[in-house]
Structure formats: structure tokens, C-alpha cells
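# Summary of structural features
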Amino acid sequence: MTAYHLEGRGYLHITFYYEKAYMKISRIILKNWRNFQLVDVPLEERIFLIGANASGKSNFLDAFRFLHDIAKTGGGLQRSVTERGGLSSIRCFTAPKSSIVELEVHLTDSSDNTPRFKYAIGIKPGHPVTLAYERVFQSNQQLINRPDKEDKQDVLRLTQTYLEQISTNAHFREIAHFFGSVFYLHLVPQLLRFPENVLNQGLSENPFGRTFLKQLSNTPEKIRQFRLKQIEQGLRITIPQFKRLIYSEDEKDMPHLEAVYEPWEQVSLRENQFSDGTLRLIGLFWALLESDTLLLLEEPELSLNGRIVNELAPLIYRLQHPKQGQVILSTQSGALLSDKGIAGEEVLLLTPSEKGTQVELASSIEPVRHLLEAGLSIADAALSRTNPPALHEQSLFQ
Ligand SMILES: Nc1ncnc2c1ncn2[C@@H]1O[C@H](COP(=O)(O)OP(=O)(O)O)[C@@H](O)[C@H]1O
Ligand SMILES: [Mg+2]
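Residues numbered from 1 in each chain as written. Chains lettered and ligands numbered in written order. Predicted model: local features only at pLDDT ≥ 70, side-chain atom pairs only at ≥ 80, totals over all residues.

## Details of helix α5 (residues 173-180)
Buried residues of α5: I175, A176, F178 and F179, and no others. Buried positions in α5, seen along its axis, are confined to an arc of 160° and lie on one side of it. Residues of α5 that are buried make contact with α1 (57-71), β6 (101-108) and β7 (115-124). (Buried ≥ 20, exposed ≤ 12 C-beta atoms within 10 Å, placed from the backbone. Helix = DSSP H or I, 4+ residues; strand = E, 2+ residues; numbered from the N terminus. Arc of directions from axis to C-beta. Contact = placed C-beta atoms within 7 Å.)

Written as C-alpha cells, this is what we have:
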């Protein structure tokens, strides 16, 4: 089916609605997850996480990465917990010692947000950690309710989720696929430039630092060329004198990117000579083009020119349509949030408190909603709420 609609940005935008089933996370509930005691929020297709430093933006993203790490090939519950330093690192420091960590997500494929699947786990402390429960619902029918009969006969079974096992997730494999393909982008230019640096060893997954070029080389050539052409167009608009982006392999078959700039057409620069901003833009464009489930972005504004940052929110919107896919990003940037196309329902405000960080939709905070209705942007209506309370009274260095 194909449909066309007119986007309110002054130009015609064509949208294709694919037959392909598309899912997004419509709600997440967290209990005792890192610096949150309780989170229960709905999620739109595009979500902006805002909050002061250390308010938990990365921790919030980590909940989705945790589910990804459980579901991915070679992942699993035990590994995901161990890689994070054990349950004591994951569980809210202020929670009582015996309490469990709970995560629940609702996945929907319809515009009215009726959940198609609900997936929930509770994790109990211990060595190894075990499942207090694992539940899967499809529509309103419960498919899995653990501990089940077999679990009671063999408690070791509770060290693994059904999500991570092909033999047990047959009826909800879509959830496993969805989480398996969640994509996290926190591009560290230094890791991309010097992948062999010893300091980088031991990172299990960092597709856009150390292994970005490898990921390019693993992508089928046609798809790679198609995406790089689109990225090249994006770079031409955003980087003065940028002309061409080329993928190449050296004599040792190592993949590289090369850039050609207008005044020096004979010379091409290799990725280790690209600027931070160029590398981060390439990573960002690639991630937006590649991801068709859930893309998690850490502060995409870093190292980018303010004018480009202004364009990030509409750019993400345009790349989400026609392809679809959900994007959740953390940001501290007023320039990014000054786009008036960002709705209050798309913004989660993280506010630290004695009861752990509170997470609220910007549109659910009455004064913010009024300011948005009066035509202000999120930057003007809500960003000041993320300022540290004492900052305006004190100098940083006294
Ligand atoms: N298990 C936990 N319980 C409580 N607080 C935690 C836990 N794990 C990390 N934190 C705290 O979370 C904060 C960091 O949050 P982070 O997500 O990195 O913030 P942001 O990305 O918003 O800057 C730190 O202050 C850290 O001490
Ligand atoms: Mg962070």
C-alpha cells in the first residue's frame, strides 16, 4: 500500500507505508533500575530524553540495551548482568538488598498503541542471578508465565530467559528479533580512528567506534554503496567543500573511508584525518539509515555545528518516514530542542529526587504544556527545568 501526505514544513513529503510489520515500544515500566525506583512512561516513535548531568539519561537508554543484550545472538541474561558489573550495579542503590529489578515493555504495531506483545522480567539477586518471573502476553493472552512447572523441577532453568533461547521463544520470536536488532550509537571518534588502541580492547560491542568500519565491510556492497551515496549527499549539504565519500579496502583488506574535498580533488583523506564532526555525522547518518526497529542515540549533537544540530530533529523525522523505526535519544542541546516540530509527548524529562530520578512526559507537566500550547519550543518551555538548582547563584570556581 502506498499513501502520500503533505507535511507541514513547506514541501511535499512522500510517505510509503510498507506492508512489513513494524513494531515500536509503546510503554516502558522499570522498577529499581539503576537510579530509577519507578518509571512508567508511554513512548512515541521519536523520544528526546532531557535532564541534568547524571540524571540518568544513559541509564534509561541502558534498559533497552540490556534487553538487546539478552536477546542478541551470543547474549543472554547472565552475560548482560555480568557485563554491567553484577546485579548490585544495576539495581537501584537505595533499594533494599533483597529487592528485585523489574523491566516491562509493551510493543505495538498499530497507531492506536494497542499492545501486540507485553514482555516482563523480574531479576533476583544471587550467584548466578535468577528470574523472579518472566511473562509474555500476546494481545491479552498470556503465552509465558514463569516460573512454570519445569522451572520448579529444575531451578537452574531460571538462570536463563526464554527470550534468549530459540527453543523456547518460538511463539514470541518477533520480540526476540525486535530486541536483537536494537541499535545503539555513541560514536567515539577516537575509537574509529585508532581501532587497534589497547585501551579499546575488551569492549564487547561498540558498532560505531571500534567496529564501525568492519560493519561497513560486512554490509552487502549494493546496500553499502546506496547508503554511502545518501550520506555523501548529507555531508555535501552540511560540510563546506565536501565532495565525495568513498569506501575502500587497503592491501591488508582492511576497510576504510576516504573523503574528497573541492579544492583538492586529487587528494583523498582517510578516516583517521576526518574531523570529529564529520565522523559523528557519518555514524549518525549510517545508524539512521540502517536501523528499522529501535535506534538509541547518545547526545547526537556532540561536535556538530549549531546549524546542523538545529536540523537534527526534523532530519530524524524525515528518515523515520517512509522507512519507520523508533528513535530514542538523549540530549542536552537547546539548539536541537528549539525545533517547534517536537511535541510535548515526545519529550521525557528526568528529574533527580530523593526517591530516585522521576521521569515525566513534558506534556504531562502543566506549566510546560501551557508554554508549548502558546507556541514555545521545548528548549524554551522545558529545558530550564534541567538546570542544576544552585547554578545561577554560585560561581563554578570559588
Ligand atoms: N544502580 C544504581 N543506583 C543508583 N544510581 C545509579 C546506579 N547506577 C548508576 N547510578 C547513578 O546514575 C548516575 C549516572 O547516570 P547517567 O545515566 O550516566 O546520567 P546522564 O546520562 O544523564 O548524564 C550517576 O550519578 C550514578 O551514580
Ligand atoms: Mg549520559
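## Structural notes on unusual backbone geometry
Note the cis peptide between H127 and P128, where omega equals 0°. Looking at the element boundaries, P128 is found in the loop between β7 and β8 (130-138). Going from R146 to P147, the amide bond is cis rather than trans, its omega being 0°. Of note, A54 is a non-glycine position whose phi angle comes to about 65°, a positive value. Among the secondary structure elements, A54 is positioned in the loop between β5 (46-51) and α1.

## Quick notes on the sheet that holds strand β13 (residues 269-270)
Spatial ordering of the open sheet is given by β11-β12-β13, a layout of three strands whose pairing is antiparallel. Every interior strand has two partners, whereas the edge strands, β11 (242-249) and β13, have only one. Here seven bridges tie β11 to strand β12 (residues 255-261), and the two strands are oriented antiparallel to one another. Of the residues in β12, the one forming a bridge with R244 is V260. (Pairing = 2+ DSSP bridges.)

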